[in-house]
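As a plain string of letters, each chain reads:
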Amino acid sequence: MQRRVLGLGAVLASVTVTVIGLAGCGSSDSGTSGSTSSNGDKTTTVKVGVIPIVDVAPLYLGQRKGFFDSRGITLEMVSAQGGAAIIPGVVSGQFQFGFSNTTSLMVAQVKGVPVKSVANGAASNGRIGADVTGVVVRKDSPIKTAKDLAGRTVAVNTLQNIGDTTVRESVRRAGGDPAEVKFVEIAFDQMPAAVDGGRVDAAWMGEPAQTIAKAQGARVVASPFAETDPRLTVATYFTSTRLTQQNPGLVRKFTEAMAESLRYASDHPDEARQVLTTYTKISGDVLKRLTLPSWPPDVDMASLDKLASLGEKDGLFGEKKPDLDALFS
């Protein structure tokens, strides 16, 4: 039975209530905890909400290489299903930083949720047919191109995010009607079985789910990220605007450490691939074959303009428009 859960709009409605509650209580706790290391330097432990996918490998690699420790930051990663689930945790102070797709952050901003992107996360590698995400179908599926997804059920990890937005664009570009695509939520790690078992007609998969599905004979019929923009900024690390005001030094150090981590991962893809074994169950042939994203240190604002326009076209933002400069600059 296909599993349906609340979309991002409902989640963010609860976030708005939480924000109002925090303001009413006059909360000023940044949620961080401090300690002193053996050499006398003060360290700060911060929690980061992440999705256990390939995209966040630089964060774990930066932790391993000491890029955060050298700046007095001790990381604690907490896994979630998607960016829509991480946003409420960051706003409430459960996490100090989080990883989210850029569409979810835009939707949050126009709904008045106080978030601020502080570091790049991941980008499309620009290769159609070999990007870090793809729409995957069973090998005997009659679906041949993105146009054929119209009238079909497609799984995404969370609704109203970058997945369904870019899948619609792939369908639109292929000559199909994006309004006829039916989206359902399924966690990435459950998607290969859902496609293979016929629970859904197709699934928009990240890695390693995409590689696992292809090993079972599945086919990629669309590469929504690369087809939307070959330089598409897919996700970023973000925090609450409250933390940027109360502890700008911590935010600056996290941003610097993350930029160094992204550069290192880009220059050392084999190490980035190997660090996946520390926070996922990926190993063997899947580890060798999976596709890596691009990890530029800076966001691509032109691609975000395009993504925002698609969100407007799909009615994600209501009457407001996201302020990209305020959110991502």
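Residues numbered from 1 in each chain as written. Predicted model: local features only at pLDDT ≥ 70, side-chain atom pairs only at ≥ 80, totals over all residues. Heavy atoms only, no water.

Draft legend 1. Representation of the pattern of salt bridges. Inspection of every chain in the model, using the stated rule, returns 13 salt bridges. In this structure, D140 engages R138 in a salt bridge whose closest nitrogen and oxygen atoms are separated by 3.0 Å. According to the relative accessible area criterion, D140 is exposed, its value standing at 53%. The class of R138 is partly exposed, set by a relative accessible area of 32%. (Salt bridge = Lys/Arg side-chain N within 4 Å of Asp/Glu carboxyl O. Buried < 20%, exposed > 50% of the residue type's maximum accessible area, 1.4 Å probe, protein only.)

Draft legend 2. Molecular detail of empty space enclosed by the protein. Under the definition given, this model contains three cavities of 30 Å³ or more. For the largest cavity, the calculated volume is near 150 Å³. Taken together, 16 residues line the largest cavity, and the ones lying closest to its centre are I53, N101, F188, W204 and V234. Where the lining of the largest cavity is concerned, the elements lending two or more residues are β4 (97-101) and β11 (233-240). (1 Å grid on protein atoms, 1.4 Å probe; cavity = no way out; pocket = protein on both sides within 12 Å on 5 of 7 lines; lining within 4 Å. Points joined across faces, edges and corners; volume = space filled by probe spheres on them. Helix = DSSP H or I, 4+ residues; strand = E, 2+ residues; numbered from the N terminus.)

Draft legend 3. Molecular detail of the layout of surface pockets. Empty space within the largest pocket amounts to approximately 410 Å³. If you go around the largest pocket, you meet 20 residues; those closest to its centre are P52, F188, D189, P208 and T280. Residue classes in the lining of the largest pocket are distributed as 13 nonpolar, five polar and two charged. (Nonpolar A, V, L, I, M, F, W, Y, C, P; charged D, E, K, R; others polar.)

Draft legend 4. The arrangement of the pairing of strand β3 (residues 73-79) in detail. Strand direction decides the pairing type here: strand β2 (residues 42-50) and β3, joined by seven bridges, are parallel. Bridged to T45 within β3 is T74. In the classification by handedness, the crossover that spans β2, the intervening helix α2 (residues 57-65) and the parallel β3 is right-handed. (Pairing = 2+ DSSP bridges. Right-handed = clockwise from strand over helix to strand, strands pointing away.)

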